[in-house]
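Remarks on the overall topology
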Amino acid sequence: MSIAWVAPEPSYRSYLQVRSLLSMLILAGMVAGAFFTGIYPADVFPLWWAGAIWAALTLFFSVFFASRRFLFTAYARSPEGMHLKRGALFRKIRAVPLNRIQHVEFKQSFLERLFGIARLAMYTAGSGGADLTIPGLAPEFALQLKTELLTTIANEPEQEEDNNE
């Protein structure tokens with residue numbers, strides 16, 4: 001069986017880049033706060049070194065790493081379940097069987113709303129960690145996929161095990 005992988009929305013790349021940049025700005029704010037309160041050891045590690053390292057890491061994570069993560073993220077729906085592959089450095093492919101999905105949730109943060117994307121979270125029966133969240137979907141498509149999954153799950157026949165016979 002061949003799986004037809006679908007890439008996330010193109011704005012998902014920009015979302016990843018901005019989210020990375022915001023994280024790096026928080027880190028810069030923490031260093032600046034340490035510097036202005038006198039906690040930062042300027043005599044041991046000059047501030048311009050910290051700034052140069054911060055700039056290099058920001059460029060790496062915001063441009064290269066976020067773009068690479070976008071390139072290796074894809075999802076698919078098969079008759080058996082939902083699939084997600086991702087990984088900028090380490091590849092991971094996860095699948096959730098349709099008969100294990102108990103709840104489907106549409107999620108959209110403030111930043112995702114700005115970029116016009118959403119996430120679809122699927123919660124499964126059984127042990128923790130078996131849940132699956134598909135990022136970078138168009139909101140209309142995410143809601144449509146949620147409805148389709150819930151309809152498929154509702155129409156699936158109940159598997160009753162009669163061990164008394």
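The structure reproduced in this document is the subject of the present report. (Residues numbered from 1 in each chain as written. Predicted model: local features only at pLDDT ≥ 70, side-chain atom pairs only at ≥ 80, totals over all residues. Heavy atoms only, no water.)

Section: the sheet that holds strand β5 (residues 118-124)
Taken in spatial order, the three strands line up as β4-β5-β6 in an open sheet, and their pairing is antiparallel. Among the strands making up the open sheet, the edge pair consists of β4 (101-107) and β6 (132-137). Between one strand axis and the next, the sheet turns through 15° on average, direction left out of account. As judged from the four bridges shared by β5 and β6, these two strands associate in the antiparallel manner. Note that in β6 the partner of Met 122 across the bridge is Leu 132. Helix α4 (residues 139-155) rests against β4, β5 and β6 of the sheet, and its axis sits at about 165° to β4. (Pairing = 2+ DSSP bridges. Helix = DSSP H or I, 4+ residues; strand = E, 2+ residues; numbered from the N terminus. Axes fitted to C-alpha atoms, helices over the stretch in contact; angles between N-to-C directions. Contact = heavy atoms within 4.5 Å.)

Details of the pattern of salt bridges
Inspection of the entire model under this criterion finds three salt bridges. Its salt-bridge partner being Glu 148, residue Arg 77 comes within 3.1 Å of it at the nearest N-O pair. Remark: Glu 148 occurs in helix α4 and Arg 77 occurs in strand β1 (residues 74-77); sequence separation between them is 71 residues. We classify Arg 77 as partly exposed; its relative accessible area is 36%. Between Glu 112 and Arg 119 there is a salt bridge, with the nearest N and O atoms lying 2.9 Å from each other. (Salt bridge = Lys/Arg side-chain N within 4 Å of Asp/Glu carboxyl O. Buried < 20%, exposed > 50% of the residue type's maximum accessible area, 1.4 Å probe, protein only.)

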